[in-house]
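What follows is each chain in one-letter form.
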Amino acid sequence: MDKKSRIIDAGLRLIEERGLHRTPMAMIAERADVGMGTVYKYFKDKEDIINAIYVRIKQEEAAIVFVNQAAHKDVKPAFFDYYSRMIDYFVNNPVRFNFISQYAFSPIINETTQKEAMSNFYPFDEMYQMGLDQDLFKEVDAQHLTYFVFSAIAGWLKSTFELNIELTKNYREVLVQMAWDAAIKNR
C-alpha cells in the first residue's frame, strides 16, 4: 500500500476509534508509519484527510453497488440489486458506514469532494429517471428519490447497529422491499 493510502486508512481508523477532535495529525502519521512531512506532502490538514477518506469510501461503495449495472434493463431488479449491495457493503464495513453516516452531510466535506464522490452514483439517478418515465415512482425529482431512499436505509442501518438488531438476509430483503414500496406510486 502506498503512503497516501496508509495515511487515509490510518485517519479513518483513528477518527472512528477516537473521534475527530481527539485525533491529531501526529497520531495519524504514527499509525500510518510515515513522517509528518509525508502527511503534509499529501494533505494540507485533517479536513483534507477527511475529504480523501470520504471519496475513497464512496468509490469503494459504488464499485460494489453497481457491479451488475450493465445487466439491468428493468427498474425493479436494478433497485433491489443496488440497494441490497449497498446494505451488504455497509454491514460488512461498519467503520466505513459510521464514517459516511457522520460526515456525508457535514460542512467538512467540501463541494468539490461531494461532487467527485457522488459522480460515481449516477446509476441511481438514471434508474429513478427511468422509473419516473415509466410512471413507477412518485413524482419527485430522480435525485431526490436517491437521497430519500439512501437516507431511509442509512437511518435504519444506524438504528440496527446501535440496537444490536440481527441483520439476517430476510430482514435485509424486507428493508429493500419497504424502500421500494415507499418510492413507488400507489396503484
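About the thresholds
- The residue numbering used here restarts from 1 in each chain and proceeds along that chain's sequence as written.
- Residues qualify for local features only when their pLDDT is at least 70, as the model is predicted, and side-chain atom pairs are given and counted only at 80 or more; totals for whole chains, interfaces and linings, by contrast, use all residues.
- Think of the side-chain values as coming from all heavy atoms in the structure, minus any hydrogens and water.
- Here is the rule: rings of Phe, Tyr and Trp (six-membered ring for Trp) pair when centre to centre is within 6.5 Å. Planes less than 30 degrees apart are stacked, more than 60 are edge-to-face, and the remainder are tilted.
- What counts as a helix is a DSSP run of H or I of at least four residues, what counts as a strand is a run of E of at least two, and both are numbered from the N terminus.
- The rule is simple: take the accessible area with a 1.4 Å probe, protein chains only, and divide by the maximum for that residue type; under 20% is buried, over 50% is exposed, in between is partly exposed.
- Between the N-to-C directions of two axes lies an angle of 0 to 180 degrees, each axis being a line fitted to C-alpha atoms and, for a helix, fitted only over the stretch in contact.
- For this classification, under 35 degrees means roughly parallel, over 145 means roughly antiparallel, 65 to 115 means roughly perpendicular, and everything else is oblique.
- We call two residues in contact whenever any of their non-hydrogen atoms come within 4.5 Å of each other.
- Side-chain classes follow a simple rule in which Ala, Val, Leu, Ile, Met, Phe, Trp, Tyr, Cys and Pro form the nonpolar group, Asp, Glu, Lys and Arg form the charged group, and the remainder, Gly included, forms the polar group.
- Known as pLDDT, the predictor's per-residue confidence is scaled from 0 to 100.
- A carboxyl oxygen of Asp or Glu within 4 Å of a side-chain nitrogen of Lys or Arg is what we treat as a salt bridge.
- Buried Ala, Val, Leu, Ile, Met, Phe, Trp, Tyr and Cys residues that are joined via side-chain atoms within 4.5 Å together make up what is termed a nonpolar core.
- One fewer than the residue count of a helix, multiplied by 1.5 Å, yields its expected span.
- Directions drawn from the helix axis to the C-beta atoms are what define this arc.

J.: Lay out the packing of aromatic side chains in plain terms, naming residues and giving numbers.
T.: Tallied over the full model, the rule gives 19 aromatic pairs. A ring pair is formed by Phe80 and Trp180, whose centres lie 5.9 Å apart and whose planes are at 50°; its orientation type is tilted. Residue Phe80 is found in helix H5 (residues 75-92), and its partner Trp180 is found in helix H10 (residues 169-183); the two are separated by 100 residues along the sequence. Of the two residues, Phe80 and Trp180, both sit in the buried class.

J.: Residues and numbers for the packing of helix H1 (residues 3-18) against helix H4 (residues 46-65), please.
T.: The angle between the axes and the distance between the axes are what describe a pair of packed helices. The N-to-C vectors of H1 and H4 enclose an angle of 95°; their axes lie 9 Å apart at closest approach. By the angle class used here, H1 and H4 are roughly perpendicular. Every residue of H4 that contacts H1 at Ser5, Ile7, Ile8, Asp9, Gly11, Leu12 and Ile15 is listed here: Ile49, Ile50, Ala52, Ile53, Arg56 and Ile57. When the residues that make up the contact of H1 with H4 are grouped by side-chain class, the tally is 9 nonpolar, 2 polar and 2 charged.

J.: How would you sum up the confidence of the model for the protein? Please name residues and give values.
T.: With 99% of its residues at a pLDDT of 70 or more, the protein shows a mean pLDDT of 94. The least confident element of the protein is helix H9 (residues 142-163), whose mean pLDDT is 92; the most confident is helix H2 (residues 25-32), at 97.

J.: Now, about the pattern of salt bridges: what can you tell me, with residues and values included?
T.: On inspection of all chains with the given rule, the structure shows 11 salt bridges. Measuring nitrogen to oxygen at the nearest pair gives 3.2 Å for the salt bridge that ties Glu111 to Lys115. Taken together, the residues span about one helical turn, with Glu111 and Lys115 both in helix H7 (residues 111-118) at a distance of 4 residues. For the pair Glu111 and Lys115, a shared accessibility class is recorded, and that class is exposed.

J.: Can you lay out the environment of Gln69 for me, pointing to particular residues and giving the numbers?
T.: Inspection of the secondary structure assignment puts Gln69 in the loop between H4 and H5. For Gln69, a relative accessible area of 25% translates into the label partly exposed. Note: C-alpha distance between Gln69 and Tyr82 (13 residues apart in sequence) is 8.4 Å. Among residues more than four places away in sequence, those in contact with Gln69 are Tyr82, Tyr122, Pro123 and Glu126.

J.: Describe unusual backbone geometry, listing the residues and the values that go with them.
T.: For Asp33, which is not glycine, the phi torsion reads 60° and is therefore positive. As for its placement among the helices and strands, Asp33 is situated in the loop between H2 and helix H3 (36-42). The phi dihedral of Asp135 falls on the positive side, at around 60°, and the residue is not glycine.

J.: Hey, could you go over the nonpolar core for me, with residue numbers and the actual values?
T.: Ranked by internal contacts, the top residues of the largest apolar core, which has 64 residues, are Phe79, Tyr83, Phe99, Met127, Tyr128, Ile153 and Leu157. For Ile153, the residues in contact, after removing those within four places along its chain, are Tyr83, Met86, Ile87, Leu175 and Ala179.

J.: I'd love a proper account of H10, names of residues and values included.
T.: Here H10 contains 15 residues, and its C-alpha end-to-end distance of 22 Å stays within 8% of the 21 Å for a straight helix at 1.5 Å per residue. Turning to H10, its buried residues are Leu175, Val176, Ala179, Trp180 and Ala183. The arc enclosing the buried residues of H10, seen along the axis, measures out at 135°, which places them on a common side. Looking at the buried positions of H10, the neighbouring elements they touch are H5 and H9.

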